[in-house]
Structure formats: structure tokens, C-alpha cells
Amino acid sequence: MTPFSKLIENITPDIYQSLKTAIEIGKWSDGRKLTQEQKELSLQAVIAWEMQNLPEEERTGYMGPQECSSKSTPVPNILFKSDAIH
């Protein structure tokens, strides 16, 4: 087991929420700014924790089933209009 996966196993829901908040606002709870490395590692930890503990639709970045908006509106065929072929 890697040190990172061992770390993920030890994250509690409270720690998860603290990491998520820190990423969102860019600061730790004591007001110190996160470094770029801290942001990256915290985001990796949050995503890994969510993969093990949350259903897909509750995870960071989930977009749900989507359909292209062009499918809902028919597109007229201007190249082969039946009345234009005379």
C-alpha cells in the first residue's frame, strides 16, 4: 500500500470537508494561503476520498448524463430541400 492510499484511508468526513473548503477558498482554516502544491495534493486527496466514499453523482466534477443540445432541435437540411431540386 502506498503512503498516499494509506493517507486517504485516514481521512475522516470532517477532514475531507476542511480540505474541500480550503481548495474552494484557497486558504486554510487559520487564514494561511494554500501553495500551488498544497492545492494540487489536496485536490488529489479529495478526489481519491470521494472515489472511495461517495456515489458518482455526489463527487467533485460530476456533470451527469447530458445530451447535445443540437439533438433537441431539428436542423433543416438546406442542401437537399425537395422544392429546390427543380
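Definitions and limits used
Counting starts from 1 at the beginning of each chain's written sequence and moves along it residue by residue. Only residues with pLDDT of at least 70 are given local features in this predicted model, and only at 80 or more are side-chain atom pairs given and counted; all residues enter the totals for whole chains, interfaces and linings. Processing note: side-chain calculations cover all non-hydrogen atoms of the structure and skip hydrogens and water entirely. Any pair of Phe, Tyr and Trp rings, taking the six-membered ring for Trp, is counted once the centres come within 6.5 Å. Such a pair is stacked with planes under 30 degrees apart, edge-to-face with planes over 60 apart, and tilted for the rest. What counts as a helix is a DSSP run of H or I of at least four residues, what counts as a strand is a run of E of at least two, and both are numbered from the N terminus. Whether a residue is buried, partly exposed or exposed follows from its accessible area with a 1.4 Å probe, protein chains only, as a fraction of its type maximum: under 20%, in between, or over 50%, in that order. Between the first and last residue of a helix there are one fewer steps than residues, each counted as 1.5 Å, and that sum is the expected span. Contacts were defined at the residue level, with two residues in contact if any of their heavy atoms lie within 4.5 Å. Salt bridges are defined as contacts in which a side-chain nitrogen from Lys or Arg sits within 4 Å of a carboxyl oxygen from Asp or Glu.

1. Digging into the packing of aromatic side chains
- By the definition in use, this model includes one aromatic pair.
- Seen from their ring centres, Tyr16 and Trp49 are 4.2 Å apart, and the 20° between their planes marks the pair as stacked. In this pair, Tyr16 sits in helix H2 (residues 13-25) while Trp49 sits in helix H3 (residues 36-53), placing the two residues 33 residues apart along the sequence. A single burial state applies to Tyr16 and to Trp49, both of which are buried.

2. Points about H3
- Its 18 residues place the ends of H3 26 Å apart at the C-alpha level, agreeing with the 26 Å of an ideal helix rising 1.5 Å per residue.
- Taken residue by residue, H3 has Ser42, Ala45, Val46, Ala48, Trp49 and Glu50 as its buried positions.
- Among the structural elements, helix H1 (3-9) and H2 are those in contact with the buried residues of H3.

3. So, the environment of Ala48
- Mapping Ala48 onto the fold places it in helix H3.
- For the pair Ala48 and Ser5, spaced 43 residues apart in sequence, the C-alpha separation works out to 8.3 Å.
- Excluding residues that lie within four positions of it along the chain, Ala48 makes contacts with Phe4 and Ile8.

4. Considering the pattern of salt bridges
- Across all of its chains, the model carries one salt bridge by this definition.
- For the salt bridge of Arg32 with Asp30, the shortest nitrogen-to-oxygen distance reads 2.7 Å. Judged on exposure class, the residue Arg32 and its partner Asp30 are both exposed.

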